[in-house]
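Structural overview for review
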Amino acid sequence: MPRAIALVDCNNFYVSCERLFQPKLEGKPVVVLSNNDGCVVSRSQEVKDLGIKMAVPWYQLKDIAKRHGIIPRSSNYSLYADLSNRVMSLLSGYAPQQEVYSIDECFLELTGIHTVHAELAQTMRQQIKRHVGIPVCVGIGATKTLAKLANHVAKKDPRRDGVCDLNTYNPSELDALLAYFPVGEVWGVGRRSTARLQALGIDTVLDLKRASPKRIRDEFSVVLERTIAELNGIACLELDELMPAKQQIICSRSFGNLVGNLPDLEQAVIAYTTRAAEKLRNQHSIAGGIQVYIRTNPHKERDPQHQEAMLLPLHEATDDTRLLCHAALQGLRRIYRSGYAYQKAGVILTAITPRATRPRTLFDDVESQQRSHALMTTMDAINRRMGSGSLKLLGEGTQKSWAMRRENVSPRYTTEWQELAVATA
DNA sequence: TCTGGGGTCCTAGGACCC
DNA sequence: TCTGGGGTCCTAGGACCC
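Everything numeric here is computed off the predicted structure, so don't read it as measured data.

The rules we used
- Residues numbered from 1 in each chain as written.
- Chains lettered and ligands numbered in written order.
- Predicted model: local features only at pLDDT ≥ 70, side-chain atom pairs only at ≥ 80, totals over all residues.
- Heavy atoms only, no water.
- Helix = DSSP H or I, 4+ residues; strand = E, 2+ residues; numbered from the N terminus.
- Rg over C-alpha atoms; globule rule 2.2 N^0.38 Å.
- Buried < 20%, exposed > 50% of the residue type's maximum accessible area, 1.4 Å probe, protein only.
- Contact = heavy atoms within 4.5 Å.
- Areas by Shrake-Rupley, 256 points an atom, 1.4 Å probe, with all protein chains shown as cover.
- Lys, Arg positive; Asp, Glu negative; His and termini not counted.
- Charge placed at Lys NZ, Arg CZ, Asp CG, Glu CD.
- Pairing = 2+ DSSP bridges.
- Axes fitted to C-alpha atoms, helices over the stretch in contact; angles between N-to-C directions.
- Near = heavy atom within 4 Å.
- Polar contact = N/O pair within 3.5 Å; in protein donor to acceptor, adjacent residues only side chain to side chain.
- Parallel < 35°, antiparallel > 145°, perpendicular 65-115°, else oblique.
- Nonpolar A, V, L, I, M, F, W, Y, C, P; charged D, E, K, R; others polar.

Section: the overall build of chain A
A tally of helices and strands in chain A yields 14 helices and twelve strands. Computed over its C-alpha atoms, the radius of gyration of chain A comes to 24 Å, within 12% of the 22 Å expected for a compact globule of 425 residues. Along the first, second and third principal axes, the C-alpha set of chain A runs to 65 × 55 × 50 Å. Buried positions account for 47% of the 425 residues belonging to chain A. Of the contacts formed within chain A by residues at least 6 apart in sequence, a portion of 68% connects residues at least 24 apart. In the structure as shown, chain A presents an accessible area of about 22700 Å², 53% of it carried by carbon and sulfur atoms. Considering chain A, the positive charge centre built from 54 side chains and the negative charge centre built from 45 side chains are found 4 Å apart.

This is the structure:
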């Protein structure tokens, strides 16, 4: 029995979440926008049919949106995360192994499950539709890369009813299918590689499957070499079940309005560092360094441009918001230049290690470490109970001139008491 | 006027060591 | 004129993903 891996992927996930609580959006062209209502990050089928591409800036669509009545929604990540958890939890019951790959998709290990896989996949789809309300498609193949491709087929071809199992194809049927898809559809082949592959005459997925692994490795990378093996049914990528601790934690955001003065940048950097430190403590880690960066808007080519980053090593790894903020602010003050209109700032926690294995040194101030830990634990507990941001450092400020714009936001139906959806059946 | 955010992996090159 | 070689660790940057 061959290896069988399924990829389950939610259809137009964010749009589907919005529709769940606003049925009047059903059948209408809907987009979900990124922070600051900047770019399109999720499109309903109606919008895809209009030829609108992913990640297009919203302001460029104002005309076409008006003509076709496209409805914009600001992104609402707490709602999406909650619905994602429900979908993943249901799917975990279908296989001995599950890898949650992103907010809207997961891999399932179906090898050794002695039912017709396509039927099992239909059962999954129906159960998720009934119990959560989100439509999904399922692709099945001998490797992750083939499962991804199968999912793509399931989504594109309406006759397949949302499921495609490539393991049921014989070799020549499979190759015929692969010859139909352009090489850029393959997982791991991005824009750059697509152009370079085409220059070598590798246009379709089948061309890549038959390409010389050695040549591809020499001219591209080991990553693409592995992709060729995966297309040939040789699994190189295993399922990662437990989410490993993050090796870096990023918190960055574009501002709602451009920011020129240092105090506002400091507020933003404190807010981002606070968020990053919470994530760090959530995974029980400490960070050995923090990088801070700021940049002007690169799209405004005529404006004076400045972008700079600085990595601050900490002489002692920590998860203390105060110490991390202190370092981040030091860095910010050194890279900041007056006279520029900054559009974005961010912090990256690096050199992350588990808190439990923190090395002890002669100079450790154990008592102050314990005090710090107690304070942070209390702060996290209060924020969990009273709502994120209830307790924070003074420097973060309360008048956020830099905060993002969200003009079309829907309520957080499932995670905030005040915004709870009331059943009106 | 208005162009996202958060990650991973790989590679090349520099610093440093013996 | 001649200017080792091999190893490790770290960082920056590229490419990709959703």
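Resuming the write-up.
Digging into the sheet that holds strand 5 (residues 98-102)
If you walk across this open sheet you meet the five strands as 5-6-1-7-8, and the pairing is mixed. For this open sheet the edge positions go to strand 5 and strand 8 (163-165), each flanked by a neighbour on one side alone. Direction aside, neighbouring strands of the sheet carry axes that sit 15° apart on average. As paired elements, strand 1 (residues 5-10) and strand 7 (residues 136-141) share six bridges and run antiparallel to each other. Among the inter-strand pairings, L7 is bridged to a residue of strand 7, identified as G139. Across the face of the sheet, helix 6 (residues 144-156) comes into contact with strand 1, strand 5, strand 6 (105-109), strand 7 and strand 8 while running at roughly 140° to strand 7.

Some points on the protein's contact with DNA strand C
Around DNA strand C, the surrounding shell holds 14 residues, and the nearest of these are S102, K148, G188, R192 and S193. Considering DNA strand C, the proportion of its atoms within 4 Å of the protein that are sugar or phosphate atoms stands at 100%. At 2.5 Å, a side-chain N or O of K148 approaches a phosphate oxygen of DNA strand C. Contributing elements (two or more residues each) for the surface near DNA strand C: strand 5 and helix 8 (191-199).

Remarks on the packing of helix 1 (residues 13-21) against helix 4 (residues 77-92)
It is at 10 Å that the axes of helix 1 and helix 4 come closest, and there the two elements cross at 95°. Comparing their axes, helix 4 and helix 1 come out roughly perpendicular. From helix 1, F13, Y14, C17, E18, L20 and F21 reach across to helix 4, where they touch Y77, L79, Y80, L83 and S84. Looking at the contact of helix 1 with helix 4 residue by residue, the classes come out as nine nonpolar, one polar and one charged.

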